[in-house]
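Fold and contact review
Below are the chains, spelled out letter by letter.
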Amino acid sequence: MNIQQYNSLQQEVIESEINTHLFLEGPFKSGKTSAATARLKHLADQSNPEHQILILTPQHTLSQAYQRCLLESDFPSGVIPTITTLAGLSRQFIRLFWSMISENSGFQARSASPTFLNMESAQFFMEQVCQPFLAKGYFLEVHINQARLFSQILDTMNKAALIGYPLEETAPRLTAAWNGEAIRVKHYQQSQECALAFRKFCLQNDVLDFSLQIEIFRNAILANSSLRQQFFKPYHYLIADNIEEDVPCLHDLLLELSDQIPSMLLIKDLHAGFRSFLGADPPSADRLRSICSQNFTFTEQFRVSSPMHAFQSAMTHCIMRKNSTDISPDALQAYTLQNVQFYPEMINSICDMVDHLVHEEQVPPGEIAILSPYLPDSLKFSLTTRLQSLSIPYLSTRPSRTLAEESVTNAVLVFAKHAHPQWEIPITSEELRSALMVLLPGCDIIRASLLAQNTLKANHHLEHFSTIPEFTRTRITYAMGNQFDVILDWIDQYQQSTQVPLDVFLSLLFGEVLSQPGFGLHNDIDNAVLLTRLIASIRDFRLTFQSLAEQQHIDSSQLFMETLQRGLLPASFYRDEPDLDTVTIAPAFTFLMKNKPVRYQFWLDIGDIGWWERLDQPLTHPYVLNRNWDPSKRWTDAQEYQANQSSLERLVRGLLDRCEEHVYLYVVRLNQAGINQSSPLLSGIQLFLKRTMGVKNHA
Amino acid sequence: MPAMPDFRFSAQSLQDYVECQRRFELRYIQKLDWPAEESSPYLEFEQFRQKGNLFHQCVNQYFHHLAPQVIEKQIEDQEVLCWWQNFLAFIATQSFTFSTAETLFQTHIGGYPVVAKYDLLVLQKDGNYTIFDWKTTAREQKPKRSAFIQKMQTIIYPYVLSQCRFGHPDRNDIEPVSITLIYWFPQFPEQPETFPYSTAQQVQDEKMLADLIHEIVIKPTGDFALVEDEKRCRFCVYRSYCGRGEKAGSMYSADANLDMEFSDMDLDIENVEEIRY
Ligand code: SF4
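Keep in mind it's a predicted model, so treat the numbers as computed, not measured. (Residues numbered from 1 in each chain as written. Chains lettered and ligands numbered in written order. Predicted model: local features only at pLDDT ≥ 70, side-chain atom pairs only at ≥ 80, totals over all residues. Heavy atoms only, no water.)

1. Regarding the overall build of chain A
So the rule is basically this: Numbered from the N terminus, helices here are DSSP runs of H or I no shorter than four residues, and strands are runs of E no shorter than two. C-alpha atoms define the radius of gyration, and 2.2 Å times the number of residues to the power 0.38 defines the globule rule. To sort residues, take the accessible area from a 1.4 Å probe on protein chains only and compare it with the maximum for the residue type: under 20% means buried, over 50% means exposed, and anything in between is partly exposed. Throughout, a contact is declared for two residues whenever any of their heavy atoms are within 4.5 Å. Using a 1.4 Å probe, accessible areas were evaluated by the Shrake-Rupley method; residue-level cover was limited to the displayed protein chains. Neither His nor the chain ends is counted toward charge; the positive residues are Lys and Arg and the negative residues Asp and Glu. A charge is said to be at NZ when it belongs to Lys, at CZ for Arg, at CG for Asp and at CD for Glu.
In terms of helices and strands, chain A carries 26 helices and 17 strands. The C-alpha radius of gyration computed for chain A amounts to 28 Å, which stays within 12% of the reference 27 Å derived for 699 residues, consistent with globular compactness. Expressed as lengths along the three principal axes of its C-alpha atoms, the size of chain A is roughly 85 × 65 × 65 Å. Counting every position in chain A, which comprises 699 residues, the buried fraction comes to 58%. Counting contacts in chain A only where the partners sit at least 6 residues apart, residues at least 24 apart contribute 78% of the total. Working note: accessible area of chain A is about 27900 Å², and carbon and sulfur atoms make up 50% of it. Charge separation in chain A, taken as the distance between the mean sites of 55 positive and 74 negative side-chain charges, equals 4 Å.

Structure representation (structure tokens):
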């Protein structure tokens, strides 16, 4: 490690006494994480199996600098530091001590190991639990779809766990702060009833949603010092980065560990706290100063262009309506403001500019980000189609299609239905036709229709091609028809043997037939990826829902199929996107959490109120379900306004911190609904323009 | 091999390479997901892996000082219970001053990271280290010693440990002669396979590993050859992709050499679980 490459303050952090707690704060790009990774190597030199290193970040994307550091060839040999999150730690803890804690925590099923629910499976169970309540007319006046309704109930549960109050206090807290129509209070009560019923269900069935996972971890770790000591015994060194994006429960844990772990480096980003709607609590993070013997503040920002810095400073002043008389003329170089009439004009203009940057100015696509508050499918579709036509690689961080919508999913499930007539799930002629077009090479719509019409019989049964009249067979072609029969023959054989769960069935059908030469999935890498996800998702479902399916006397495969048809599953989750050289298309918040600056940003439709206003959440509240909230107060419109203003200011600051050269701002006169619009972000830019009217040289 | 800055070599990946270069290319370079079955009978294979994982979990809990009676409560399967009791009897005969279970270690060879995950590493009073690896098998007989001699795991595990300094940057590496690798079989508790290490072995292994890694990193994409012996393909998910057959081989057959204690090294390392809501 060449210590000379660091400034004196960084060197001080790197070389500070090992067995001490350090608090380090500073703005983005002030070299905090560089100093931390250099100190990490220094700690790794001292570490051994009894003195290991623990690195905590609020989410995976924020740990990448550390992941990269471990791979560097000068990283000392030895135990690999553990890099994890609160969620990761709590799962590891519960898995390890399950046999001890399950009884004390009220679990009743006595399973050998815990089952953790992801967002989708939690929603599935929540739906099951809520059905009787919905039948009684609960939430009748709440006009949001069921998926959002359930996710908000789960959100209240998560907040209770992350902040640390009993679940029963949720409705009283929300009610005490509510200032509007009385009906809302009834919904808070109903939401709490559902949450408590859901909790009971989880305890009865040994399943843990995120809130229960955190609550058990928190209670066990905070209340039982011997368990805490046992679990954290291997760790002598701890680095926690972006603590302002983490939750009070994590901060409580660090406070508790301060005596047990001799060496801590706690890092806080100034002006951040972007994850506040997920419970991030910068004031709570500030409590950690008290356990640190040394505080460092980095102020100098590296590789920040002075025009961008000037623009950022002026814009944040304008948004907050603070005086800023001396705006530097540099600020005018940092942005381009584009006024367009309609959305398609904006899409074209952005894509043309991206094309110019990539193909004429030779800007790597990875240095460009296209950002908006949300990313509706229609917008994403228009952008990606246009970029594709310009041969510009892109990566959209929001998957737009669920696995259920993929044609290959439909194709294999058609044959799964045929193979399992006892499910009594119908096959339609359209789905069979689409399936044939995917699975039989060269099968066009006419042949597929003919084959489908002639082989689909009553009771979801498929007849062999060989049973079709000769004349039709010739029109379909024998080559195609015989392949169809190979699939049916294989299924006939399968039906004569012991049946297997749906995931295994699909895996066999794929491996033994559909991916063999002569079939549509032979060497089809893209569809293989989708099928891998589908099969993994079904397998997870089977392992999670086995006992529920047994209780209801249906097999888990059938339960999966029914759930899929109701549109609740499966998770179309994508593992981390690789760091490719592609244009990023993402919601602004997602981009911030990647923590990776780019040279050029495009902000879509800055008149959209979504840049400022938080999502309508009738059953939960990020500022009231928060440790900093005074329970004797009511949440007022003025507070809502102030909260939105501060959040916009943070967002703008955060985005411009991560923009190295130029930002293109788009104003669309008429939004997608044809309405003239305005937003505080647009007002902010208008004030900025007014204030800079006298400043010359703006291109 | 194209530059892959986030790639780590491991016993598993190098074993894949020596068994079939093409499998290495498909699995680690192309990261090709191919959802075919690895072995039959499918559910028994899954259950066997689950048993292996449960056994590992119990042993891990033991080394986190959970009482054996508490651990035992979670074991319903008679076979795993028998393994567990064998383990308790075996571990009672061992003495050591320090232990760490399920821990990942890393070193670099020729500038490339190489990782090893030890089921158990213990330090004895005399300063010697023993690496234990628990091996379960679906077959009636214990695998022969010869099956382990050339295994990448047998080469990499002691080598990685020999490169560690454990908090003494100025001190020499751990003496190779102080390291022993033991494969211990819960189904055959009296028949462990022991591999002592030595300086000569370390020198030889280092050269072999450096050469092998060099060979891989300079190999152009497309030059990763398919294995000649097609028997291996019966236990490989890429069978249909390579045009090497339809049906998976039986996990009970003599040529099955399956990893029963499945662990995704990347997931172990990037142990960062996300919560979306
Ligand atoms: S199927 Fe055979 S040739 Fe293909 S990757 Fe697997 S082992 Fe290698």
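2. Side note on the domain arrangement of chain A
Let me state the cut-off plainly: Domain delimitation follows an automatic or database domain assignment.
We note that the domain assignment places domain 1 (3-91 + 220-297), domain 2 (115-205), domain 3 (306-400 + 578-698) and domain 4 (403-566) within chain A. Each of domain 1 of chain A and domain 4 of chain A has a C-alpha centre, and these two points are 50 Å apart.

3. Some words on the nonpolar core
Counted only if it meets this: Among buried residues, the Ala, Val, Leu, Ile, Met, Phe, Trp, Tyr and Cys ones that are joined through side-chain atoms within 4.5 Å form a nonpolar core.
Among the nonpolar cores identified, the biggest contains 182 residues, and Leu266 and Phe415 of chain A are the most heavily contacted of them. Top contributing element to this core by residue count: helix α22 (residues 525-551) of chain A, with ten residues. Beyond its immediate sequence surroundings of up to four residues, phenylalanine 415 of chain A is in contact with Leu432, Ala435, Leu436, Leu439, Leu462, Phe484, Ile487, Leu488, Ile491, Phe505 and Leu509 of chain A. Membership of the second largest hydrophobic core comes to 43 residues, among which are Phe7, Tyr17, Ile131 and Tyr157 of chain B.

4. Here's the deal with the side chain of glutamine 124 of chain B
Within the secondary structure, glutamine 124 of chain B sits in the loop between β3 (112-123) and β4 (129-134). With residues up to four places along the chain from it excluded, the contact list for glutamine 124 of chain B reads Ser95, Phe96, Thr97, Tyr129 and Thr130 of chain B.

5. As for the sheet that holds strand β17 (residues 659-668) of chain A
Backbone hydrogen bonds are what pair the strands of a sheet, in a parallel or an antiparallel way. Residue and element names in this part refer to chain A. Stated formally: What makes two strands pair is DSSP finding at least two bridges between them. To get an axis, fit a line to the C-alpha atoms, keeping to the stretch in contact for a helix; angles then go from 0 to 180 degrees between the N-to-C directions.
Spatial ordering of the open sheet is given by β10-β17-β16-β11-β15-β12, a layout of six strands whose pairing is parallel. The open sheet has two free edges, formed respectively by β10 (335-340) and β12 (394-396), since each of these has just one partner strand. Direction aside, the axes of adjacent strands within the sheet are offset by 20° on average. In this structure, strand β16 (residues 598-603) lies alongside β17, joined through five bridges in parallel fashion. By the bridge assignment for β17, phenylalanine 602 is matched with tyrosine 664. Of the strands in this sheet, β10, β11 (368-372), β15 (583-587), β16 and β17 touch helix α14 (residues 343-360), which is tilted by about 160° from β17.

6. A short note on the packing of helix α17 (residues 429-439) of chain A against helix α18 (residues 445-455) of chain A
All names here are of chain A. Quick reminder of the rule: Throughout, the term roughly parallel applies to angles under 35 degrees, roughly antiparallel to angles over 145, roughly perpendicular to angles from 65 to 115, and oblique to all others. Left-handed describes a crossing in which the near helix is turned anticlockwise from the far one by less than a right angle; the clockwise case is right-handed.
Following both chains from N to C, one finds α17 and α18 inclined at 130°, their axes separated by 8 Å at the closest point. Taken together, the axis directions place α17 and α18 in an arrangement best described as oblique. The handedness of the crossing between α17 and α18 is right-handed. Residues Ser429, Leu432, Arg433, Leu436 and Met437 of α17 pack against Ile445, Ala448, Ser449, Leu451, Ala452 and Thr455 of α18.

7. Some points on the UniProt feature "domain: UvrD-like helicase ATP-binding" (unreviewed entry) in chain A
Our working rule: UniProt positions are given in the numbering used here, feature names are shortened, and annotations may be inferred rather than shown by experiment.
Those residues carrying the UniProt feature "domain: UvrD-like helicase ATP-binding" (unreviewed entry) are residues 5-305 of chain A in this numbering. Secondary structure over residues 5-305 of chain A splits into 51% helix and 12% strand, and the C-alpha atoms at its two ends are 21 Å apart.

8. Quick look at the UniProt feature "binding site: ATP" (unreviewed entry) in chain A
Residue and element names in this part refer to chain A. According to UniProt, the feature "binding site: ATP" (unreviewed entry) maps to Gly26, Pro27, Phe28, Lys29, Ser30, Gly31, Lys32 and Thr33 in the numbering used here. Its location among the elements puts glycine 31 in the loop between β1 (21-26) and α2 (32-46). For glycine 31, the contacting residues outside a window of four places in its chain are Gln10, Phe298 and Phe302. The topology assignment puts lysine 32 in helix α2. If we ignore the near neighbours within four places in the chain, the residues touching lysine 32 are Leu24, Glu25, Gly26, Pro27, Ile267, Lys268, Asp269 and Phe298.

9. With respect to a nonpolar patch on the surface
All names here are of chain A. Note the threshold: Residues enter patches when their relative accessible area tops 30% and they take part in no salt bridge; the joining distance is 9 Å for like charges and 5 Å for the nonpolar side chains Val, Leu, Ile, Met, Phe, Trp and Tyr. Salt bridges are identified by distance alone: a Lys or Arg side-chain nitrogen within 4 Å of an Asp or Glu carboxyl oxygen.
Residues Met437, Ile445 and Ile446 make up a contiguous nonpolar surface patch of roughly 280 Å² in combined accessible area. By secondary structure assignment, the location of isoleucine 445 is in helix α18. Isoleucine 445 gets classed as partly exposed once you look at its relative accessible area, which sits at 46%.

10. Focus on helix α20 (residues 478-496) of chain A
All names here are of chain A. The cut-off we apply is this: Expected helix span is given by 1.5 Å per residue-to-residue step, counting one fewer step than there are residues.
When the terminal C-alpha atoms of α20 are compared, their 26 Å separation across 19 residues agrees well with the 27 Å that a helix rising 1.5 Å per residue should span. When α20 is considered as a whole, its buried residues turn out to be Met480, Gly481, Gln483, Phe484, Asp485, Ile487, Leu488, Trp490, Ile491 and Tyr494. Buried-residue contacts for α20 involve α16 (407-419), α17, α18, β14 (461-462), α19 (470-476) and α21 (502-514).

11. Comments concerning the state of the cysteines
Structurally, a disulfide amounts to a covalent bond that connects the sulfur atoms of two cysteines. Just so we agree on the cut-off: Any cysteine sulfur atom paired with another within 2.5 Å is treated as part of a disulfide.
Summed over the entire model, instances satisfying the criterion amount to zero disulfides over all chains. For cysteine 292 of chain A, which is in no disulfide, the shortest distance to another cysteine sulfur is to cysteine 249 of chain A and amounts to 19 Å.

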